[in-house]
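# Notes for the structure review
Listed below are the residues making up each chain.
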Amino acid sequence: MAAEGGHRFEKIYADGAYSSNRNWIYLTRENGYGFVTGFKVNTRPVSNGYLARGLAAGLWCKTPYKVWTEATGYHFRWKSETGFSDFEEIFPETVTATSVRGMVLEVMARTEVFNAFKRGRAAIMKVTGNGVEMA
């Protein structure tokens, strides 16, 4: 859907549930995305038929987790997870408006409330979600 809308992703970060060969092949070989995923605890550093997955599994197995997250950029994943989690916590999954205009206005109003909440939280904590200190 994103590609059909003209959006392009360079790299996709996913949790270990998506580390199958099928996902690796679909995302990297067939669609040209960079793909970073954690692996299960009992993962062996072998390719299982797809070299890119094997190399990633090898790095996962031989590197301490904190070093691995920094080396792969996986540490950025928590930021988007936190944003979605916060948004879902504040808002219901349904839109009550019946017209398209009303739906857009409702979502925009919710987003304004969400952004005000994030600004307020950052002011209290003196740091933003990206680790930027507030003056």
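For the structure itself, look to the data block above.
Residues numbered from 1 in each chain as written. Predicted model: local features only at pLDDT ≥ 70, side-chain atom pairs only at ≥ 80, totals over all residues. Heavy atoms only, no water.

## A look at the environment of G16
Inspection of the secondary structure puts G16 in the loop between β1 (11-14) and α1 (21-30). Residues G16 and T37, 21 residues apart in the sequence, show an inter-C-alpha distance of 5.7 Å. Residues in contact with G16, not counting those within four places in the same chain, are T37, G38 and F39. (Helix = DSSP H or I, 4+ residues; strand = E, 2+ residues; numbered from the N terminus. Contact = heavy atoms within 4.5 Å.)

## Some thoughts on α1
Buried residues of α1: W24, L27 and T28, and no others. Take α1 and look down its axis: the buried residues cluster within an arc of 90°, on one side only. Exposed and oriented more than 90 degrees from the buried face of α1 are R22, R29 and E30. At its buried positions, α1 is contacted by β1, β2 (34-37) and α2 (51-62). Positioned one or two residues after α1, G32 has a phi angle of 75°, which is positive. (Buried < 20%, exposed > 50% of the residue type's maximum accessible area, 1.4 Å probe, protein only. Arc of directions from axis to C-beta.)

## Quick notes on the nonpolar core
Nonpolar side chains in soluble globular proteins tend to end up buried together. Formed by 13 residues in total, the largest nonpolar core has its most connected members in W24, F35, F39 and W68. Going through the elements one at a time, α1, β2 and α2 are the ones with two or more residues in this core. Per-element tally for this core: the top contributor is α2, with 3 residues. Apart from residues no more than four positions distant in its own chain, W24 is found in contact with S19, R29, F35, T37, F39, Y50, A52, R53 and A56. (Core = buried A, V, L, I, M, F, W, Y, C linked by side-chain atoms within 4.5 Å.)

## Considering the side chain of T72
You can see T72 is positioned in helix α3 (residues 65-72). Accessibility expressed as a relative area gives 13% for T72, which makes it buried. At a separation of 2.8 Å, a polar atom in the side chain of T72 contacts the main-chain carbonyl oxygen of W68. In this structure the side chain of T72 is engaged in a polar contact, spanning 3.3 Å, whose partner is the backbone nitrogen of Y74. Apart from the residues lying within four places of it in its own chain, the contact partners of T72 are K11, Y13, V36 and L59. (Polar contact = N/O pair within 3.5 Å; in protein donor to acceptor, adjacent residues only side chain to side chain.)

## Focus: the environment of G34
Looking at the secondary structure, you find G34 in strand β2. Classification of G34 by relative accessible area gives partly exposed; the value is 23%. Filtering out sequence-adjacent residues up to four positions away, G34 remains in contact with E10, K11 and I12.

What is shown is where atoms sit, not what they do.
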